[in-house]
Amino acid sequence: MTKDQLWHLLPSFLGVKRWGVRIMLWYIGKRLLQSVLTLFIIITIVFSLLRLMPEEGYLGSAAEKMSPEQQEVYLTNLGLRDPLIVQLGNFYLDLLHGDLGTSVTYRTDVPVTTIISDKIGYSLLFGLGAVALSLIVGVPLGILMAHMKGRWLDRLGTGYIVFVVAVPAAVYYIFIQMYVTDLFKLPMLFDEYNSVSWILPLTSMALGPTASYAMWMRRYMVDELNKDYIKLARAKGVKERTLMFKHVMRNAFIPMAQYLPATILFTITGSIYIESLYSIPGMGGLLVDVIQRQDNSVVQGLVLIFSSLGIIGLFLGDLAMAIVDPRIKLGKGGSVR
Amino acid sequence: MGIFSEEISNISQKSNEKLFDFAVVDEQKAEQTGYSNYSYWHSTWQSFLKNRLAVFLLVVVGLIIAFVIVQPYLPFQKSPTEIYIDEQTGSQARNISPSSEFWFGTNSIGQDLWSRIWAGTRTSLFIGFVVALAEVVVGISVGALWGFSRKLEAPITQVYNIVENIPTTIVLILMSYILRPSISTIIIAMCITGWVEMARFIRNQIVILRDREYNLASKCLGTPSYRIIIKNLLPYLISVIMLRMSLAIPFAIGAEVFLTYIGLGLPISEPSLGNLINEGRVLMMSPDLRYQLIFPSVVLSIITIAFYIIGNAFADAADPKNHV
């Protein structure tokens, strides 16, 4: 974008000219409160539900050696015999200090925060890398498909989108790992210091979001191309390329802002597959591990982090939408997107 | 004045049958004047038939469903859960490549892959249909209440704004982690998350439709709300409901694969496509055994893609804008 265009966008970014700062702040505040409330509710529900789990998950490998009385003493010491409200209160107090409890079966007595903080970097790196890659590939693909609507490229792209959206990710991830590694002699497992081994996990993770970006971009472009102002511009003699880039693309980009957080959510689930397939030491692989070992406290910690990530993603998405699209109505109570 | 009134009062005496004849509908003549015998479902079906790929896939899906139901009763079928013993060696018939005896080979503990795949397809399709049905029923009920009742609108919206923020995957994982794996728990876990989108969709449509004049007229005539919803509003939504239902099936099948993959799926004694793919994945390092992964994956891909394309084609066909 040129300097001139950026200057043009500035007022809408600041949210100043169109409805004033106060409404914007009010909206942000309301939305933030909503997110915090949601997070609070989720944490409470997750915590209460996990108390319904069988208690072996807290005893770990020592369970067989203990007599029932010993088990009872152990569980009481852990605070699991207290009323749920007390447990919940203690949990929130700990949470405020950044303490998520200790692992039981995964790495015994290691704090959950330590386990997760070792892993979170990889997940974020891969997630954001995949989103970036899919933006770089998906958006131009969608534009090209809209441009060549009905021709072979459009059909090929549509086939790709249908395949990726319809077939469960696990299936094509496995096939990519199985055949592409043979084909290009790529390493099958992730190795931090071998940059070649980053290629496959990143590209497979980007396949899904690429398809959805291309799909939305194409749809909005086609919608936009059918509008009257485009016909007028054509009639005026605006060049096809200027038309595409200056008029259609800008308007088609606006609703895309909404899907960015959704794809970040998607990369979280995607990473569960990819991380365990390529043994990347990230949070997704960890989740699979601890679920299979029934380590309740780590599951709880991970679920909290995943849902917070999701909520932050949606919050930012709504914010981006409010800033980018001047037509959106803010502050109307009870409105649904 | 007097003359006219006399004429009018005597009008019945003057009339006789010769003055009247029956109106006959002639479609060809009628078409010239702009009459059309438009029927929504007929036109929908006509424009659906134009999409040859979708029709072909519809036939394929129909055949698969029929075959899956009939398959256990056909001759030469083996049990999906029985472990077969090799008669010569007396040990389990492990990892036998596809042959005339075992059509798709056997798995790593000697079960017949052919019958396991169809049993698995049956399970997965069953899960898909039940989840889709539950989604539609719950989604429509909540959505209709949400859109139609002004008292319930604000509270449901508030609840929705919170529920919508919870990542679906997390709910799915958590529910299946807490409930023990079985078909019913998997269905419950998926139903808990599935209906929200549907409800929102129905609500948005109903809000658009509810204040149209014909509904206002209905209301003034004293039609009860449930009748307005069922007779006046839902027919508008049928096509989209069908679309969402046909899309819910591949997503439910995919979710089952996902849950199995992370170790929260059905027990191995209960064959499903997710189970089979997961079993096959373990063996993928040895190229000779890859058939155990490829067969279920191909069946799964065909089913999910077919439902997806049929759903989309049907939605296009059901849109009156695309009718001639």
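Above this text is the structure in question.
In this text the structure is predicted, and so the values were computed from the model without any measurement.

Points about the overall build of chain A
A count of helices and strands for chain A gives 13 helices and zero strands. Listed N to C, the secondary structure of chain A is α-α-α-α-α-α-α-α-α-α-α-α-α in terms of helices and strands. Across the 337 residues that make up chain A, the buried fraction comes to 45%. Considering only residue pairs separated by 6 or more positions, chain A has 69% of its internal contacts joining residues 24 or more positions apart. Per element, the accessible surface of chain A, about 17,500 Å² overall, is 66% carbon and sulfur.

Examining the packing of aromatic side chains
Across all of its chains, the model carries 19 aromatic pairs over all chains by this definition. Pairing Phe67(B) with Trp114(B) gives two aromatic rings, centres 6.1 Å apart and planes at 70°, and the pair type is edge-to-face. Separated by 47 residues along the polypeptide, Phe67(B) in helix H5 (residues 52-70) and Trp114(B) in helix H6 (residues 113-148) bring together distant segments of the chain. Taken together, the ring pairs in this structure connect Phe163(A), Tyr172(A), Tyr173(A), Tyr273(A), Phe258(B) and Tyr261(B) into an aromatic cluster.

Concerning the pattern of salt bridges
Residue and element names in this part refer to chain A. Applying the stated criterion across every chain, the model contains seven salt bridges over all chains. Where Glu224 meets Lys227, a salt bridge forms, and the shortest distance between an N and an O atom there is 3.5 Å. Accessibility expressed as a relative area gives 37% for Lys227, which makes it partly exposed. Where Asp228 meets Lys231, a salt bridge forms, and the shortest distance between an N and an O atom there is 3.7 Å. Remark: Lys231 and Asp228 occur in helix H10 (residues 228-236); sequence separation between them is three residues, near one turn of the helix.

Quick look at unusual backbone geometry
Phi is positive for Ser279(A), which is not a glycine, with a value near 40°. Here Ser279(A) lies in the loop between helix H11 (240-277) and helix H12 (283-292).

Let's talk about the interface of chain B and chain A
The interface is formed by 44 residues belonging to chain B together with 51 residues belonging to chain A. Regarding the contact of chain B and chain A, the summed buried area is about 4,100 Å², with carbon and sulfur atoms giving 75% of it. At the boundary of chain B with chain A, the tally comes to zero salt bridges. Of all the secondary structure elements, the ones that give two or more residues to the side of chain B that touches chain A are helix H7 (150-163), helix H8 (168-178), helix H9 (183-210), helix H11 (225-261), helix H12 (273-282) and helix H13 (291-318) of chain B.

Focus on the nonpolar core
By size, the foremost hydrophobic cluster in this structure holds 142 residues, and its most contacted members are Met221(A) and Ile262(B). Setting aside its immediate chain neighbours within four residues, Ile262(B) contacts Ile272(A), Val288(A), Ile291(A), Gln292(A) and Ile173(B). In this structure, Ala144(B), Phe148(B), Ile228(B) and Ile241(B) belong to the second largest nonpolar core, which totals 14 residues.

A few points about the environment of Leu96(A)
All names here are of chain A. Relative to the elements of secondary structure, Leu96 occurs in helix H5 (residues 84-96). Residue Leu96 is classed as exposed on the basis of its relative accessible area, which comes to 72%. Separated by 21 residues in the primary sequence, Leu96 and Ser117 have C-alpha atoms spaced 17 Å apart.

What to know about the side chain of Thr44(A)
All names here are of chain A. Here Thr44 shows up in helix H2 (residues 20-50). A distance of 2.9 Å separates a polar atom in the side chain of Thr44 from a polar atom in the side chain of Tyr92. If we skip the residues at most four places from it in the chain, Thr44 touches Leu88 and Tyr92.

Concerning the environment of Leu39(A)
Residue and element names in this part refer to chain A. One can find Leu39 in helix H2. Overall, the relative accessible area of 25% leaves Leu39 in the partly exposed class. Sequence separation between Leu39 and Gln294 is 255 residues, and the spatial gap between their C-alpha atoms is 24 Å. The contact partners of Leu39, leaving out residues within four places of it in the chain, are Ser307, Ser308 and Ile311.

Calculation criteria
- Residues numbered from 1 in each chain as written.
- Chains lettered and ligands numbered in written order.
- Predicted model: local features only at pLDDT ≥ 70, side-chain atom pairs only at ≥ 80, totals over all residues.
- Heavy atoms only, no water.
- Helix = DSSP H or I, 4+ residues; strand = E, 2+ residues; numbered from the N terminus.
- Buried < 20%, exposed > 50% of the residue type's maximum accessible area, 1.4 Å probe, protein only.
- Contact = heavy atoms within 4.5 Å.
- Areas by Shrake-Rupley, 256 points an atom, 1.4 Å probe, with all protein chains shown as cover.
- Phe/Tyr/Trp six-rings, centres within 6.5 Å; stacked < 30°, edge-to-face > 60°.
- Salt bridge = Lys/Arg side-chain N within 4 Å of Asp/Glu carboxyl O.
- Buried area = accessible area lost by both parts, 1.4 Å probe.
- Core = buried A, V, L, I, M, F, W, Y, C linked by side-chain atoms within 4.5 Å.
- Polar contact = N/O pair within 3.5 Å; in protein donor to acceptor, adjacent residues only side chain to side chain.

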